[in-house]
Amino acid sequence: MTHTKIAVIPGDGIGKEVMEEALKVMNSLQEQDLSLQIETTIFPWSSDYYLKHGRMMPSNALDILKEFDAILFGAIGDARVPDDVTVWELIMPIRKSFQQYVNFRPIKSLPGIASPLANGRDIDFVIFRENAEGEYSDSGGRIYHHQSQEMTIQNTIMTRIGIEKIVQAACDYAYKNGKTKITSATKSNAIIHSMKLWDEHARRIVAQSSPALELESIYIDALVAYFVERPQDFQVVVASNLFGDILSDLGSAIVGGLGLSPSANINPEKEFPSMFEPVHGSAPNIAGKGIANPVAQIWSLALLLGHIGRPDIEQIIVSAIEKVLREGVVKTADIGGQATTAQMGDAICQEIIKMNLAARGV
Ligand code: ATP
């Protein structure tokens, strides 16, 4: 029996709605006797919390979260609170303090989901985005505010060890999953300090990892074009924080949209809890309508369960999602249907139950 403590942070907007469906799946799994014992604690940290308390989460939030095995996160973002506050007071402290330096995003064609690309079939690759340093740093500043000579410096922090760790994680994944090629996103022709360091150590780590592993380094501007022109060519893509952020939203778009794409913020050493969240944000334009697609959130839960040692359950959830999408009877508006968030969650739960019963010969 796996006893796991999961911290749940639904957040803002559709985060709250899609989280309900993920929790529905989690409860259903537990009822089905899958030797899974999960204790969830829900934390209301969000923009509403900020408006009430003047901060996105309490000052001891990280100490509280540290005691959990994993974090399931919804989405954050609200017009009443500046975006840099929601991001830098909630998501960034968790990712950085818990050394969740791997942001893992699968990009996969799904049955029944049309890609906006004419050649958008059989896409199947993963992105390893560096998640703890790089371009997303609070190092820098601004002087001469509101004067004509106003100036700013925004520093990119890249460390040799940070580059080594993310590239190594990509190589380890490639080795475990029989992949032969790593694609590294770079721009060392123009960003001549940080990206040169990136290239140098990416080359070294891939070469050291396995002679069977090929490394291709592609400038980011060309790489976005290749994602559109020949997305089938990629297996494992490794990128800095900013490049990986952009590539993974593009990756989501080419396989059918943000509502389907999960992500994992992983601390591979398991010294700290890892955090699992959909790629999409709070989508204020559809929040409160009950029409958001819960697949990305439910798939993020699947990644969480795989991470805590239950790849069997991860597989069941992903297969159930694929079955529901393939059948196409229950579909939310973003993928061409009329189902509500709850109906989509229910359909996935029903499929999980059927699969589980079939596996047990019932
Ligand atoms: P935020 O500011 O929190 O990032 P956003 O609306 O700017 O929110 P996203 O939520 O990432 O950005 O998504 C952009 C658009 O994609 C949304 O406005 C919404 O129309 C659509 N979208 C995103 N997620 C979903 C979902 N789960 N289901 C349906 N549509 C979605």
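Residues numbered from 1 in each chain as written. Predicted model: local features only at pLDDT ≥ 70, side-chain atom pairs only at ≥ 80, totals over all residues. Heavy atoms only, no water.

A. View of the packing of aromatic side chains. According to the stated counting rule, one finds nine aromatic pairs in the structure shown. Residues Phe43 and Phe68 carry aromatic rings whose centres are separated by 5.7 Å and whose planes lie at 85 degrees to one another, so their mutual orientation is edge-to-face. You can see Phe43 sitting in the loop between β2 (36-42) and α2 (47-53) and its partner Phe68 sitting in the loop between α3 (61-66) and β3 (70-75), a full 25 residues away along the chain. An identical accessibility class is assigned to Phe43 and Phe68; each is buried. Here the aromatic residues Phe43, Trp45 and Phe68 are joined through ring pairs into a cluster of three or more. (Phe/Tyr/Trp six-rings, centres within 6.5 Å; stacked < 30°, edge-to-face > 60°. Helix = DSSP H or I, 4+ residues; strand = E, 2+ residues; numbered from the N terminus. Buried < 20%, exposed > 50% of the residue type's maximum accessible area, 1.4 Å probe, protein only.)

B. Quick look at the pattern of salt bridges. On inspection of all chains with the given rule, the structure shows 20 salt bridges. Ionic pairing is found between Lys24 and Glu21, a salt bridge with its closest N-O pair at 2.6 Å. Taken together, the residues span about one helical turn, with Lys24 and Glu21 both in helix α1 (residues 14-31) at a distance of three residues. Look at Glu21 and you get buried, because its relative accessible area is 3%. We note a salt bridge from Lys24 to Asp346, for which the minimum N-O separation is 2.7 Å. (Salt bridge = Lys/Arg side-chain N within 4 Å of Asp/Glu carboxyl O.)

C. Broad picture of the site of the ligand. Around the ligand sit 15 residues in total, of which Ile76, Gly281, Ser282, Asn285 and Asn293 are the nearest. Measuring from an oxygen atom of the ligand, one finds a backbone N or O atom of Ile76 at 3.1 Å. One of the backbone nitrogen or oxygen atoms of Asn293 is found 2.8 Å away from a nitrogen atom of the ligand. Protein coverage of the free-state accessible area of the ligand, which is 590 Å², stands at 67%. When its residues are assigned to classes, the shell around the ligand shows seven nonpolar, seven polar and one charged. (Near = heavy atom within 4 Å. Polar contact = N/O pair within 3.5 Å; in protein donor to acceptor, adjacent residues only side chain to side chain. Areas by Shrake-Rupley, 256 points an atom, 1.4 Å probe, with all protein chains shown as cover. Nonpolar A, V, L, I, M, F, W, Y, C, P; charged D, E, K, R; others polar.)

D. Fine view of the environment of Gln232. Tracing the sequence through the fold places Gln232 in the loop between α7 (220-229) and β10 (236-239). Between the alpha carbons of Gln232 and Asp122 there is a distance of 6.5 Å; along the sequence they are 110 residues apart. If sequence neighbours within four positions are ignored, Gln232 has contacts with Asn119, Gly120, Arg121, Asp122 and Ile123. (Contact = heavy atoms within 4.5 Å.)

E. Looking closely at the nonpolar core. If you look at the biggest cluster of nonpolar residues, it comprises 81 residues, and the most contacted ones within it are Phe128, Leu305 and Ile317. Per-domain counts for this core show at least three residues from each of domain 1 (1-101 + 272-362) and domain 2 (114-255). With sequence-adjacent residues up to four places away left out, Leu305 is seen in contact with Leu29, Leu36, Ile38, Arg310, Pro311, Ile313 and Ile317. Counting residues in each nonpolar core, the second largest holds 20 residues, with Ala7, Ile9, Ile71 and Ile94 among its members. (Core = buried A, V, L, I, M, F, W, Y, C linked by side-chain atoms within 4.5 Å. Domains from an automatic or database assignment.)

F. Highlighting the side chain of Asn267. Topologically, Asn267 is positioned in the loop between β11 (262-266) and β12 (274-278). In this structure the side chain of Asn267 is engaged in a polar contact, spanning 3.0 Å, whose partner is the backbone oxygen of Gln99. For Asn267, the residues in contact, after removing those within four places along its chain, are Phe98, Gln99, Gln100, Phe272 and Ser274.

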